[in-house]
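Architecture and fold: a report
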Amino acid sequence: LDTIASLKRLAPFGQHNPNPLFVLERVEVVSLRKVGFDQQHLQLRVRGDDMILQCIGFGLGDYLEHLKNGMMIDLMAELKENVWQNQVSAQLIIHDIRPCLKCS
């Protein structure tokens, strides 16, 4: 959450100042499922550097068939603040996913 607060100081974001994107390499899929009215979104929990991060991929529900628990992946994502039932947490908004390229 401290990182999110720091990123907010770079706002406002828009056409000439896009949201920062981050690449997370070699993260492990801990859980995955489709969510949304038509199951069109992908919800993941990934582990990297001894922390578990919540992720959502809007419109990426079809990726589920290519992923499984324990799989190592690389992500490109935005870091956002998520508020759900008065609880504030960090969440990654997934832009793209690929199998880990640096994994043996």
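Let us look at the structure shown here. Nothing here was measured: the structure is a model prediction, and the numbers come from that model.

1. Description of the overall build of the protein
Helix and strand content of the protein: 1 helix and 5 strands. Reading the protein from its N terminus to its C terminus gives the helix and strand order α-β-β-β-β-β. Computed over the C-alpha atoms, the radius of gyration of the protein is 14 Å, within 12% of the 13 Å expected from 2.2 N^0.38 for a compact globule of 104 residues. Sorting the 104 residues of the protein into buried and exposed places 28% on the buried side. Long-range contacts, defined here as pairs at least 24 residues apart, represent 52% of the contacts in the protein between residues at least 6 apart. Of the accessible surface of the protein, which amounts to about 7200 Å², a share of 51% is contributed by carbon and sulfur atoms. Averaging the positions of the 11 positive and the 12 negative side-chain charges in the protein gives two centres separated by 2 Å.

2. Considerations on the state of the cysteines
Evaluated as defined, the whole model comprises 1 disulfide. The disulfide partner of Cys 100 is Cys 103, and the gap between their sulfur atoms is 2.1 Å. In this structure the cystine formed by Cys 100 and Cys 103 twists about its S-S bond by roughly 85°; its chirality is therefore right-handed. According to the relative accessible area criterion, Cys 100 is buried, its value standing at 12%. Taking relative accessible area as the criterion, Cys 103 reaches 29% and is therefore assigned partly exposed.

Parameters and conventions
Residues numbered from 1 in each chain as written. Predicted model: local features only at pLDDT ≥ 70, side-chain atom pairs only at ≥ 80, totals over all residues. Heavy atoms only, no water. Helix = DSSP H or I, 4+ residues; strand = E, 2+ residues; numbered from the N terminus. Rg over C-alpha atoms; globule rule 2.2 N^0.38 Å. Buried < 20%, exposed > 50% of the residue type's maximum accessible area, 1.4 Å probe, protein only. Contact = heavy atoms within 4.5 Å. Areas by Shrake-Rupley, 256 points an atom, 1.4 Å probe, with all protein chains shown as cover. Lys, Arg positive; Asp, Glu negative; His and termini not counted. Charge placed at Lys NZ, Arg CZ, Asp CG, Glu CD. Disulfide = S-S within 2.5 Å.

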